[in-house]
Amino acid sequence: MVGMAKYTYLLLGALIVGLFTVWAVLNFVEAPIAERANLPRCNSGVIIDSELKYNIILYGNERIIQGTGESYFNNHFIYKNIDYSIADCTFIVRYEYTYDEYHTNMDITAKAISSDKFEIINTNTFMRPVNILVDSDEAIQIAVAQNISYSYYNLDIDIEQQSFKYKFFRDTITEGSQLVLIVDAQSKEIVIPKIIKSVTPLV
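Counting from 1, residues in each chain are numbered in the order their sequence is written. Residues qualify for local features only when their pLDDT is at least 70, as the model is predicted, and side-chain atom pairs are given and counted only at 80 or more; totals for whole chains, interfaces and linings, by contrast, use all residues. Side-chain metrics in this entry use all non-hydrogen atoms of the structure; hydrogen atoms and water are not considered.

Peer 1: So, the overall build of the chain: which residues are in play, and what are the values?
Peer 2: Strands here mean DSSP runs of E at least two residues long; helices mean DSSP runs of H or I at least four residues long; both are numbered from the N terminus. In terms of regular secondary structure, the chain is built from 4 helices and 8 strands. For the chain, the sequential pattern of α-helices and β-strands runs α-α-α-β-β-β-β-α-β-β-β-β. Counting every position in the chain, which comprises 203 residues, the buried fraction comes to 29%. Element-wise, carbon and sulfur atoms account for 56% of the exposed surface of the chain, whose accessible area totals about 13,100 Å². When a residue's accessible area, from a 1.4 Å probe over protein chains only, is under 20% of the maximum for its type it is buried; when over 50% it is exposed; and in between it is partly exposed. Here the Shrake-Rupley method, with its probe set to 1.4 Å, supplies the accessible areas, and only the displayed protein chains count as covering residues.

See below:
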């Protein structure tokens, strides 16, 4: 009789342990499922989780690296953040581009076709290595050699032509600020814009 009671207690103990284990496993499985159900979802059904964002960032990085090379990318691009639109499942990966003391924002836009298939739909970034081979002093010398009268100049990025450009402006009374010379900082190409009207420089 004592042996039977002992066996019954052991059986009850094993049953309790088993039920507890099943309960723990169900909770362990249900928690991520419930959490995943609360994640944002594109209209196409793609779930926007941290893994998807990470993979899209890598995809954007790799696309830029294909054109610029890994060394150039690592030296000049710093990842900032990623934004998304659930309407069309597009993601904007933003970077800070630096070149010496020059800083500007660049970005690349990708669309998630599925959780593991993406496509680039817009690039607002350098897709090839661009270097400043003409410093500001040389750009000024070029302006002087071209007999260009200017009030000030800027070093700007031209994404469309994938280059840095020195842009020289002349302040005028009648037309305001006029672009009078462009010097490509890498190729040294010179462009003198055609000014339709004669303008009076500010003294």
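After that view, the rundown keeps rolling.
Peer 1: Describe helix H4 (residues 136-145), and please don't skip the residues or the numbers.
Peer 2: The set of residues buried in H4 consists of Ala 139, Ile 142 and Ala 143. Relative to the axis of H4, the buried residues are bounded by an arc of 100° and lie together on one face. When the buried face of H4 is taken as reference, the exposed residues oriented beyond 90 degrees from it are Asp 137, Gln 141, Val 144 and Ala 145. Two or three places before Asp 137, at the opening of H4, Asp 135 has a side-chain oxygen 3.2 Å from that residue's backbone nitrogen. Of the residues flanking the end of H4, it is Asn 147, one or two places downstream, whose phi is positive at about 60°. An arc is given here, and it is the one of the directions from the helix axis to the C-beta atoms. Polar contact is defined as a pair of N or O atoms within 3.5 Å, subject to the rule that within protein one atom must be able to donate a hydrogen and the other to accept it, and that residues adjacent in sequence are counted only when both atoms are side-chain atoms.

Peer 1: Lay out the nonpolar core in plain terms, naming residues and giving numbers.
Peer 2: Membership of the largest hydrophobic core comes to 37 residues, with the highest contact counts inside it found for Ile 56, Phe 77, Phe 91, Tyr 97, Phe 126 and Phe 168. Listed by contribution, the elements that provide at least two residues to this core are helix H2 (50-68), helix H3 (70-76), strand E1 (77-85), strand E2 (90-99), strand E3 (102-114), H4, strand E6 (163-172) and strand E7 (176-184). For this analysis, residues touch if any pair of their heavy atoms sits within 4.5 Å. Among residues more than four places away in sequence, those in contact with Phe 168 are Ala 139, Ile 140, Ala 143, Tyr 150, Tyr 152, Tyr 153, Gln 178, Leu 179, Val 180, Leu 181 and Val 183. Put simply, buried Ala, Val, Leu, Ile, Met, Phe, Trp, Tyr and Cys residues joined by side-chain atoms within 4.5 Å make one nonpolar core.

Peer 1: With reference to specific residues and values, describe the confidence of the model for the chain.
Peer 2: pLDDT expresses, on a scale from 0 to 100, how confident the predictor is about each individual residue. With 77% of its residues at a pLDDT of 70 or more, the chain has an overall mean of 85. The low-confidence segment residues 196-203, where pLDDT is below 50, has 17 contacts with residues more than four positions distant or belonging to other chains.

Peer 1: Now, about the sheet that holds strand E5 (residues 152-158): what can you tell me, with residues and values included?
Peer 2: Pairing between strands requires that DSSP locate at least two bridges from one strand to the other. The sheet built from 4 strands is open, its strands ordered E5-E6-E7-E8 with antiparallel pairing. Strand pairing shows two members of the sheet lacking a second neighbour, E5 and strand E8 (190-191), which therefore form its edges. Here E6 runs beside E7; their pairing, made up of 8 bridges, is antiparallel. The residue of E7 that forms the bridge with Lys 167 is Ile 182. Helix-sheet contacts for H4 involve E5, E6, E7 and E8, and the interaxial angle to E6 is about 50°. In this analysis, axes come from line fits to C-alpha atoms, helices being fitted only over the stretch in contact, and the angle between any two N-to-C directions falls in the range 0 to 180 degrees.

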